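Given next are the chains, with one letter for each unit.
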Amino acid sequence: MKETMALLHHLTILLFLSISTAESADPMAQFCYQNTNISASSQISSNIDTLLANLVQKTAQNGFNATSYGKAEDQI
């Protein structure tokens, strides 16, 4: 009984550590430009519109899609 409780205790701790580590990681942070000005007439706004339309179309066909659109700082 003690061995089972100790094992459950260790597994609970491992589960908590793995979940908290996974939630705290932000792999996309390195790709985001925090100082980007997104106005309705900007190139990045146009790229977002194009990308969203592309994602909707291709995701409906395949069930999944990962893509990007644009160049340099305007890439999304």
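Structural data are supplied above this passage.
Let me sum up the structure you'll find in this document.

### Description of the overall build of the protein
A count of helical and extended segments in the protein gives two helices and zero strands. Looking at the protein as a whole, 7% of its 76 residues qualify as buried. For the protein, restricting intrachain contacts to residue pairs at least 6 apart in sequence, the fraction spanning at least 24 positions comes to 31%. Here the protein has roughly 6700 Å² of accessible surface; of this, 60% comes from carbon and sulfur atoms.

### A short note on the environment of isoleucine 44
Relative to the helices and strands, isoleucine 44 resides in helix H2 (residues 43-62). The exposure class assigned to isoleucine 44 is buried, which follows from its relative accessible area of 7%. For the pair isoleucine 44 and glutamine 75, spaced 31 residues apart in the sequence, the C-alpha separation amounts to 7.1 Å.

### Concerning H2
Taking 1.5 Å of rise per residue, 20 residues should cover 28 Å, and H2 covers 28 Å from first to last C-alpha, within 8% of that figure. Turning to H2, its buried residues are Ile44, Ser45, Asn47 and Leu51. The buried side chains of H2 occupy one side of the element, clustering within an arc of 145° when seen end-on. Of the residues in H2, the exposed ones pointing more than 90 degrees away from the buried face are Val56, Ala60 and Gln61. With its phi angle positive at about 85°, glycine 63 sits one or two positions after the end of H2.

### Brief notes about a nonpolar patch on the surface
On the surface, a nonpolar cluster with roughly 680 Å² of combined accessible area is contributed by Met1, Met5, Leu7, Leu8, Leu11 and Leu14. Within the element layout of this structure, leucine 7 appears in helix H1 (residues 2-24).

### Quick look at the environment of threonine 59
Mapped onto the fold, threonine 59 is located in helix H2. Given the relative accessible area of 32%, threonine 59 is considered partly exposed. Residues contacting threonine 59, with those up to four places away along its chain left out, are Phe64 and Asn65. Within the structure, the side chain of threonine 59 is placed 2.6 Å from the backbone oxygen of leucine 55, a separation counted as a polar contact.

### A few points about the side chain of asparagine 47
Topologically, asparagine 47 is positioned in helix H2. You can call asparagine 47 buried: its relative accessible area is 3%. In this view, asparagine 47 contacts Tyr69, Gly70, Asp74 and Ile76; residues no more than four positions away in its chain are not counted.

Calculation criteria
Residues numbered from 1 in each chain as written. Predicted model: local features only at pLDDT ≥ 70, side-chain atom pairs only at ≥ 80, totals over all residues. Heavy atoms only, no water. Helix = DSSP H or I, 4+ residues; strand = E, 2+ residues; numbered from the N terminus. Buried < 20%, exposed > 50% of the residue type's maximum accessible area, 1.4 Å probe, protein only. Contact = heavy atoms within 4.5 Å. Areas by Shrake-Rupley, 256 points an atom, 1.4 Å probe, with all protein chains shown as cover. Expected span 1.5 Å × (residues − 1). Arc of directions from axis to C-beta. Patch = residues over 30% accessible without salt bridge, like charges linked within 9 Å, V, L, I, M, F, W, Y side chains within 5 Å. Salt bridge = Lys/Arg side-chain N within 4 Å of Asp/Glu carboxyl O. Polar contact = N/O pair within 3.5 Å; in protein donor to acceptor, adjacent residues only side chain to side chain.

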